[in-house]
Structure formats: C-alpha cells, structure tokens
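# Topology and contacts: notes
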Amino acid sequence: MNTKSAFIRTLLVSTVITIIVFSQHVKANNTGTVMETTLEYQLNYAYQTKSRLHEYARETLNQALYDVIAETTLVFSDELSLDSVAFAIAEERREVHISMAFVRYLTAFVERTFDEPLTYYNSNAETLHAYQQDLINHAITDITLHELGHHALDLFYGQYTPPRFVPDMEKQVGRWTTRMKNNLELDENELGRLLTLFSVLDHKLAERKANNAMTRTVKNLQNKIDYECLDAFSEQAKVLCENLADTLYAEYALTDGND
Ligand SMILES: [Zn+2]
C-alpha cells in the first residue's frame, strides 16, 4: 500500500531471502478446482491482472503504459509484513512487491467471513468456494493495479518526501486504479479495496485484542474505510460498508470506549 523510502527499499530488497517470482507466462486455470484451492491461484490472478492491463495498453496504443508494464516485475515476498500489503519500487528495476503473509491472511479472512453471498441476487458463482475466490480476486486486482499505478504515474515517495504530498499522490493513484478497473471491466462492484482494508482491520483488531493495547492504526484504517465507503455506489459495496465493520468490532468485542 505504501511506497517506502529508498533506504528501506534497498535494505528490504537485499534481505528478502524467499522471493517467489512466478513465470510471466503462467496463466490461471479457471476451471481447475484443485488449482483454486492453492495460493498459486491467487498469485496467478495478480499476473492475470497485469497481463490484462498490458493488453489494454497495447489495444489503446498507449506505448508509455505498455513499456512501464513490460518493465515491471511482480515479486511475492515472504519477508514483507502482512500490514504492509504491497509496495512499488523503481530503482534498479521496476518492481511491485506483494506480501505473501497478506495474501494468506486475506484468503483465510474471506473464507471465514463470507460464508454466504453478500447479496442474494448478485452472485453468479456456482459454489460458495467460487464466490469466495471471486472476492479474493477483487482484492488481488485492486492491490496489483494500485501498485502498477504508482509505476504508470511515476508517483513514488520515500522518507524524504514531505508527508503533506503523500495523500495527494495516493488519491491520484486511487483514481487511476478506479479508471483502469472500469476500462478493464474488473471489480465492477468495487469490493477489492474494501476487502483489503477490512482484512487488515481484522488483523489489527485481533492483534489489539491479544495485546489489549490501543492502536492508532485501527482508527486510521477505519477512516480509510469510511472514506472509501462514502464513494461506494454498488449494492454489494454498500452492504459490505454497512455490516462488516460492526461485525468485526463485535467479533473482537471492542467498543469505542475501550481505549
Ligand atoms: Zn499507493
């Protein structure tokens, strides 16, 4: 979600021991149910999203975007923390790093939380598993496109970037991501970013309960979710916004008065 400082980036890149770089040619197999049950399916979906964006750049004769996407490598990192989700770097190479811990948590969160479709009339998935996979895909799409957006717009920030510039950069990248989702006809119910934020919130709430400590992060996340929800217009996103935060707070038995 964040673009880290030059120093941290270099340090991180040099200390990443287990990096899984999948072949760019690997394609997701939508029909294989065995495939769907594995983490590889989620990772393949990130490649699929990148491929679709690349194809879109080719079709629209957007040479600049085409070149940037061709240059950018997706890196799935076992070292990147869950809460970091993902980040984009463009130093020696253009890279998008996605946290494997996050992808695992997201998968578990969706499977645990969505044991029935959000709205009865808007699930064309044949099975609950396919429905859950669809939700996970939306989050993976959002993350992948967002980080590729940092590259496409050349918007990066680090420890020397004045903090006041950061929210505007993120807004620009957010708008670009929404536009690309529309162009690529992906995540039409605008669930991806919300699901990402909610799964990080779920993790933070679980941590907070374990430590019995107040975290400002929870409030910040809630603010981000509220901001996204103000813009939400799809029925499914509205249902998510109206119910999920309350469900999570109740699950972790937290009230605003606790801190
Ligand atoms: Zn960003």
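No experiment lies behind these values; they were computed from the predicted model shown.

Let's shift gears to the nonpolar core. By size, the foremost hydrophobic cluster in this structure holds 47 residues, and its most contacted members are Ile-98 and Leu-194. Looking at this core element by element, the count peaks at eight residues for helix H6 (residues 128-153). Apart from the residues within four sequence positions on either side, Ile-98 is in contact with Ala-46, Leu-74, Phe-76, Ser-77, Ala-86, Val-103 and Ile-143.

Turning our attention to the confidence of the model for the protein. Counting all residues, the mean pLDDT for the protein is 81, and 78% of those residues have values of 70 or more. Element-level mean pLDDT values for the protein span from 32 in strand S1 (residues 19-20) up to 97 in helix H4 (residues 63-71). Within the model, pLDDT remains below 50 along residues 4-36, and this stretch shows 37 contacts once partners closer than five positions in the same chain are excluded.

Glancing now at the pairing of strand S4 (residues 94-99). Across the six residues that make up S4, a large majority, five, are buried. Note: strand S2 (residues 73-77) against S4, five bridges, orientation parallel. Across the sheet, residue Ser-77 finds its bridge partner in S4, namely Ser-99. As paired strands, strand S3 (residues 86-90) and S4 are joined by five bridges and run antiparallel to one another. The residue bridging Ile-89 from the neighbouring strand is Glu-95, located in S4. From the end of S3 to the start of S4, which pair antiparallel, there are three residues.

The rules behind these values
Residues numbered from 1 in each chain as written. Predicted model: local features only at pLDDT ≥ 70, side-chain atom pairs only at ≥ 80, totals over all residues. Core = buried A, V, L, I, M, F, W, Y, C linked by C-beta atoms within 7 Å. Buried ≥ 20, exposed ≤ 12 C-beta atoms within 10 Å, placed from the backbone. Helix = DSSP H or I, 4+ residues; strand = E, 2+ residues; numbered from the N terminus. Contact = placed C-beta atoms within 7 Å. pLDDT = per-residue confidence, 0-100. Pairing = 2+ DSSP bridges.

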